[in-house]
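Each chain is listed here by its residues.
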Amino acid sequence: MRVIAGAARGIQLAAPRDRATRPITDRVKETLFGILGERVVEVRVLDLYAGSGAVGIEALSRGATHATFVDKRRVALAAINENLRRTGLAEAATVRGEDVGRFLKAGAAAGDRYGLVVLDPPYDERAILPPLEGVVALLARSATVVVKHFWRTPIPVPDGLRTWRDRRFGETTLTFLEVP
């Protein structure tokens, strides 16, 4: 796993050493950012269930202004911090070691706004609607939300968002949502 493009291009990334993490492959990440294109430039990014932080770090490398990484697992937080150190992007990042639901409630109260939000919940966590509903209050105008999920898991679309694209890679699907 590596940073594909931008300021940190080619830098190898560490992955958490546990069975709960499914690191995003370079192929999926390359397609994700090919679809996003300019939507990542000059935006604040929220990487939920961040794992290694590969998606948020790729966004920073490609021109995002700031990335917030949220994961409650210590092994994931260690990998994110190591990857930010390796890439030299730590100054443009915030790492939060807490539950996603708790973070979303606090973020809505704080008035934070993001132009790109990526959710990669554990495949066995079927309750994706509450985090998606929580994200809506944190979105900037013209924001994009991407959900990485098991291909057979339908993604409910909360009020305030609409689906604009799906892309499947074997058992993994990326669902792209946007503010209408």
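Check the entry above for the structure.
Residues numbered from 1 in each chain as written. Predicted model: local features only at pLDDT ≥ 70, side-chain atom pairs only at ≥ 80, totals over all residues. Heavy atoms only, no water.

Observations concerning the packing of aromatic side chains
Under the criterion given, the structure shown has two aromatic pairs. Ring geometry for Phe 150 versus Trp 151: centroids 6.3 Å apart, planes at 50 degrees, classification tilted. Classification of Phe 150 as partly exposed rests on a relative accessible area of 22%. Centre to centre, the rings of Trp 164 and Phe 176 are 5.4 Å apart; their planes meet at 55 degrees, and the pair counts as tilted. Remark: Phe 176 occurs in strand β7 (residues 172–178) and Trp 164 occurs in strand β6 (residues 162–169); sequence separation between them is 12 residues. The class for Trp 164 is partly exposed, based on a relative accessible area of 28%. Take Phe 176: its relative accessible area is 0%, and that puts it in the buried class. Cation over ring: Arg 39 sits above Trp 164, and NZ or CZ is 4.2 Å from the ring centre. (Phe/Tyr/Trp six-rings, centres within 6.5 Å; stacked < 30°, edge-to-face > 60°. Buried < 20%, exposed > 50% of the residue type's maximum accessible area, 1.4 Å probe, protein only. Helix = DSSP H or I, 4+ residues; strand = E, 2+ residues; numbered from the N terminus. Lys NZ or Arg CZ within 6 Å of the ring centre and 35° of its normal.)

Thoughts on the packing of helix α1 (residues 26–36) against helix α2 (residues 54–61)
Contact geometry of α1 with α2 gives a least axis separation of 11 Å together with a crossing angle of 45 degrees. The orientation of α1 with respect to α2, classified from their angle, is oblique. Regarding α1 and α2, the two cross each other, and that crossing is right-handed. Where α1 abuts α2, its residues Lys 29, Leu 32 and Phe 33 lie against Ala 54, Val 55, Glu 58 and Ala 59. Looking at the contact of α1 with α2 residue by residue, the class counts come to five nonpolar, no polar and two charged. (Axes fitted to C-alpha atoms, helices over the stretch in contact; angles between N-to-C directions. Parallel < 35°, antiparallel > 145°, perpendicular 65-115°, else oblique. Left-handed = near helix turned anticlockwise from the far one by under 90°. Contact = heavy atoms within 4.5 Å. Nonpolar A, V, L, I, M, F, W, Y, C, P; charged D, E, K, R; others polar.)

Brief notes about unusual backbone geometry
Phi at Glu 42 takes a positive value of approximately 60 degrees, unusual for a residue other than glycine. Structurally, Glu 42 is set in the loop between α1 and β1 (44–48).

Describing the nonpolar core
Grouped together as the largest cluster of nonpolar side chains are 31 residues, with contacts concentrated most on Leu 32, Leu 60, Phe 69, Leu 84, Leu 116 and Val 146. Secondary structure elements with two or more residues in this core: α1, α2, β2 (66–70), α3 (74–87), β4 (114–119) and β7. If we ignore the near neighbours within four places in the chain, the residues touching Leu 32 are Ile 24, Val 55, Val 146, Leu 174 and Phe 176. With 21 residues, the next largest nonpolar core counts Phe 103, Val 117, Leu 132 and Leu 138 among its residues. (Core = buried A, V, L, I, M, F, W, Y, C linked by side-chain atoms within 4.5 Å.)

Here's the deal with the layout of surface pockets
Considering only enclosed or pocket space, the largest pocket measures out at about 570 Å³ in volume. Lining the largest pocket are 36 residues, and of these Tyr 49, Asp 71, Asp 120, Pro 121 and Pro 122 sit closest to its centre. Among the elements of the structure, β1, α2, α4 (100–110), α5 (129–136) and β5 (139–150) are those that each provide at least two residues to the lining of the largest pocket. Among the residues making up the lining of the largest pocket, the classes are represented as 19 nonpolar, six polar and 11 charged. (1 Å grid on protein atoms, 1.4 Å probe; cavity = no way out; pocket = protein on both sides within 12 Å on 5 of 7 lines; lining within 4 Å. Points joined across faces, edges and corners; volume = space filled by probe spheres on them.)

Concerning the pairing of strand β3 (residues 93–96)
Looking at chain direction, β2 and β3 are connected through four bridges and run parallel. Directly across from Thr 68, in β3, lies its bridge partner Thr 94. (Pairing = 2+ DSSP bridges.)

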